[in-house]
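Per-entry structural report
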Amino acid sequence: MIAVAAGTNRIDPYLIPALDGVAYGLLVFVAASGLVFCFGVANILNLAHGTLYAIGGYTAAALLDGGWASLALALAVGVLAAAAAGVLLAGLLTPVATGNHLTQALLTFGVALAGGSLLVAGFGPDDPQVQVPAALDGSVVVAGHRYAAYRLVFIVVAAVIAAGLYLAVRRTRAGMLVRAAVDDAEMVACMGVSPARIRAGVLAAAGALAGAAGVLGAPIIGPGADTADTVLLLSLVVVVLGGLGSMAGTLLAALAIGEIQTLGVALLPSAAPFLLFAAMAAVLAVRARGFATNRRVT
Amino acid sequence: MRDEVIRRVRGAVAALVLAGLVVAPWAVDDYTAAILARTLALGLVGVSVALLTGVAGMPTLGQTAPYAAGAYACAVLGSQISDVGVVQLAVAAGAGAVLAALTVPLVVPARGVIVLMITLAIGELVVTVLGRWRSVTGGTDGLAGISPVRPFWGLPVLANDQARYLYTLVVVATLVGAVLLLLRTRFGLLLRAGRDDETRLRASGHRVPLHLSGAHIAAGAIAGAAGSLLVVAQQYISPADFGFDTSALLLLGVVIGGTASVGGALVGAALVIAVRDWLFGVLPGHAPLVLGALFVATVYLLPTGVNRVRGARVRLRPPTAPPSRPDAPAARDHAPVPELHA
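Quick caveat, the model's predicted, so the values are computed rather than measured. Along each chain, residues carry numbers from 1 onward, in the same order as the chain's sequence is written. Working convention: letters from A go to chains and numbers from 1 go to ligands, in the order in which they are written. Selection of residues for local features in this predicted model requires a pLDDT of at least 70, selection of side-chain atom pairs for listing and counting requires 80 or more, and totals for whole chains, interfaces and linings are taken over all residues. Side-chain numbers come from the whole structure's heavy atoms, not from hydrogens or water.

1. Points about the overall build of chain B
Using the following cut-off: In DSSP terms, a helix is any run of H or I states spanning at least four residues, a strand is any run of E spanning at least two, and both are numbered starting from the N terminus. Note on exposure labels: buried denotes an accessible area under 20% of the residue type's maximum, exposed denotes more than 50%, and partly exposed covers the range between, all computed with a 1.4 Å probe on protein chains only. Residues are treated as being in contact if the distance between any of their heavy atoms lies within 4.5 Å. Only the protein chains shown count as covering a residue, and every accessible area follows the Shrake-Rupley method with a 1.4 Å probe.
In terms of helices and strands, chain B carries 15 helices and zero strands. Here chain B holds 342 residues, and 50% of them are scored as buried. The long-range fraction of contacts in chain B, counting pairs at least 24 apart against all pairs at least 6 apart in sequence, stands at 76%. Accessible area for chain B stands at about 15500 Å²; split by element, carbon and sulfur atoms hold 67% of it.

What follows is the structure, encoded as structure tokens:
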């Protein structure tokens, strides 16, 4: 039993949506961070990113049987499969690497179409059920409300992934290469690091992140025919709102989107359809023109 | 010489296509005529994509947003105001232009792949709003039973698919003609110049963001008008008509058509949409797979059709520009000589 300090009566009904918003936001962050890498380092708009997430989601639905071992297996298989799909995508992109981002974006869209079709062919057209580990299947009491235990654990795990990602980008050699490639890709190439390898590595990392998000987030945004589109849209909005490349900004934007999608809908049900738009407009008003110039993975 | 041949071939193809389009409703059945009318409307959206992507150098994946705004404005507002097609077109174009104007501050400061991202986000957000704003848009069920229109005051109501197709064709031809005229003006010249060398144009005192905003709003109005045509052609609209796959298909069509060519965009977009409709007819289960593979194959086959995007052009210049410069004065020097001898 986990008890969080009880709020006053006025915020009490909104505690559960707010908590849901954190879980949702962290899930979107893990998914979107892969897109930030693709975009920031390889300068590729990866329209197949949602499909990479869906690979993880379908893996979770197929492998999870309520035990811990199946969760570990699903996580390993999902991450590897999505990373492999990322490497495949990098391979497909190699012949058009010198072309422009228009061709590259169209190529990734073709891969997304074909990949989505293959997933539906392989796993069936219905949205599959996802079984979380039995130990996490129940609910716990948070400030007098019942809340799904899985989501609470997910919040912790996703926060650990986010922290690990931050440390990997700031402190490891691979992270340094990634940041260097964002700043000056030609100089990195001059120093003897093959741009093709960086692209493959970045797409593999993006695939791994999306696959991990897909497996762990399957009980929250489940696999289905619309999953790829939903995740791609949420990731795009988060990346744009977060200032196109800043990891801290992406995290803040993801949490804001999560709260908008849950708490915002609970508070203002009539305005729900426009809240995402309003968020984009609000960020625009604050940041004015800072968007296009500010591109750094920090 | 080669340019001359290409120009003639292009003219002949355009004439043939136009003649085919005019006689089409008598040669095909009602269902095909309705599909053709919808394809024409999408082709007009393709023209607006080409205006932004090829001419202004702002690659866009979000022209479905003004297209959807126009279609819903026409279905919800326009049909209440009047059943005259021209009025509904104006309402739809206005809605598209307003949406484009509202998104100008998001889109215009960005360049290159960032434009693709932002426009895609806008397009997807519009579809999300359409799906959730049930009281007005009917949600994901869409709007059906839209009353038929009469093209102009005093004319009869468009009662069958042939008439609706011909109305669509006339409107598309008029608007494409207007775009072609617009591109011949100073405004079109400035747009192209901004695409090719923005820094130089800015340095010479031109307000490039203003031109781009104008192009964005004009493209929005065109896409909005196309939305009105979709309502006429289909008499039913739902958010599925404006999905992100439609944007990507249109962009591919525009790329096939040569990016900066308005006629090419119309033909390319219509071709891609026709292939999609045909594939979904013959391969109900695996159409997306084949379509995806075709996408990849097309991108490999047509890598050079897409170099005219802002930024990418600069890289292409150095190999071609220096040899042509010494040649140019030489040719001019030689030119008068035969005249002197003669």
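2. Observations regarding the overall build of chain A
A tally of helices and strands in chain A yields twelve helices and two strands. Going from N to C terminus, chain A has its helices and strands arranged as α-α-α-α-β-β-α-α-α-α-α-α-α-α. Put simply, chain A has 298 residues, and 51% of those count as buried. Counting contacts in chain A only where the partners sit at least 6 residues apart, residues at least 24 apart contribute 77% of the total. About 12500 Å² of surface is accessible on chain A, with carbon and sulfur atoms providing 66% of the total.

3. Side note on a nonpolar patch on the surface
Residues and elements named next belong to chain B. For clarity, the cut-off: Candidate patch residues must exceed 30% relative accessible area and have no salt bridge, after which like charges are joined if within 9 Å and Val, Leu, Ile, Met, Phe, Trp or Tyr side chains if within 5 Å. One speaks of a salt bridge when a side-chain nitrogen belonging to Lys or Arg is within 4 Å of a carboxyl oxygen belonging to Asp or Glu.
A cluster of nonpolar side chains, contributed by Val 5, Val 9, Val 13, Val 17 and Val 267, occupies part of the molecular surface with about 380 Å² of accessible area. It is helix α1 (residues 2–27) that provides the largest number of residues to the nonpolar patch, a total of four residues. On the secondary structure map, Val 5 appears in helix α1.

4. Observations regarding unusual backbone geometry
Phi at Gln235(B) takes a positive value of approximately 55°, unusual for a residue other than glycine. Along the chain, Gln235(B) falls in the loop between α10 (208–234) and α11 (244–256).

5. Focus on the interface of chain B and chain A
Rule in force here: Here the quantity called buried area is the total loss of accessible area, with a 1.4 Å probe, experienced by two parts when brought into contact, counted for both. Polar contact is defined as a pair of N or O atoms within 3.5 Å, subject to the rule that within protein one atom must be able to donate a hydrogen and the other to accept it, and that residues adjacent in sequence are counted only when both atoms are side-chain atoms. Only Asp, Glu, Lys and Arg are considered charged in this grouping, and only Ala, Val, Leu, Ile, Met, Phe, Trp, Tyr, Cys and Pro are considered nonpolar; every other residue, Gly among them, is considered polar.
Every contact between the two is made by 42 residues of chain B and, on the other side, 42 residues of chain A. Counting the surface lost from both chain B and chain A, the interface buries some 4000 Å², and carbon and sulfur atoms represent 84% of this. Where chain B meets chain A, there are zero salt bridges. Our enumeration of links across chain B and chain A arrives at two residue pairs in polar contact (both at pLDDT 80 or more). Contributions of two or more residues to the side of chain B that touches chain A are made by α4 (85–107), α5 (113–132), α11, α13 (287–301) and α14 (312–334) of chain B. The leading source of residues in the side of chain B that touches chain A is α5(B), at 14 residues. Among the residues making up the side of chain B that touches chain A, the classes are represented as 33 nonpolar, five polar and four charged.

6. Let's talk about the confidence of the model for chain A
All names here are of chain A. Filter applied, for reference: In predicted models, pLDDT denotes the confidence assigned by the predictor to each residue on a 0 to 100 scale.
For chain A, per-residue confidence averages 81 on the pLDDT scale, and 89% of positions sit at 70 or higher. Here helix α12 (residues 290–293) stands out as the element of chain A with the lowest mean pLDDT, 45, in contrast to helix α3 (residues 68–93), whose mean of 91 is the highest. Predicted confidence is poor over residues 1–8, with pLDDT under 50, and the contacts of this stretch with residues over four places away or in other chains come to nine contacts. A low-confidence stretch, residues 290–298 stays under pLDDT 50, and its non-local contacts, those more than four residues away or across chains, total 31 contacts.

7. Quick notes on the pattern of salt bridges
Once their charged atoms are close, side chains differing in charge can pair, the charge on each being opposite to the other. All names here are of chain B. Applying the stated criterion to the full structure yields eleven salt bridges over all chains. As a salt-bridge pair, Arg 200 and Asp 197 come within 3.6 Å of each other at their nearest N and O atoms. For Glu 198, the salt bridge is made with Arg 202, and the minimal N-O distance between the two is 2.9 Å. One end of the pair, Glu 198, and the other, Arg 202, are both in helix α9 (residues 198–203), four residues apart, so they sit about a helical turn from each other. For Glu 198, a relative accessible area of 15% gives the class buried. What you see here is one network of salt bridges that share partners, running through Glu 4, Arg 7 and Arg 8.

8. What to know about the environment of Leu27(A)
Residue and element names in this part refer to chain A. Note that Leu 27 resides in helix α1 (residues 15–42). By relative accessible area, Leu 27 is classed as buried at 1%. Sequence spacing of Leu 27 and Val 231 is 204 residues, and the spatial spacing of their C-alpha atoms is 9.8 Å.

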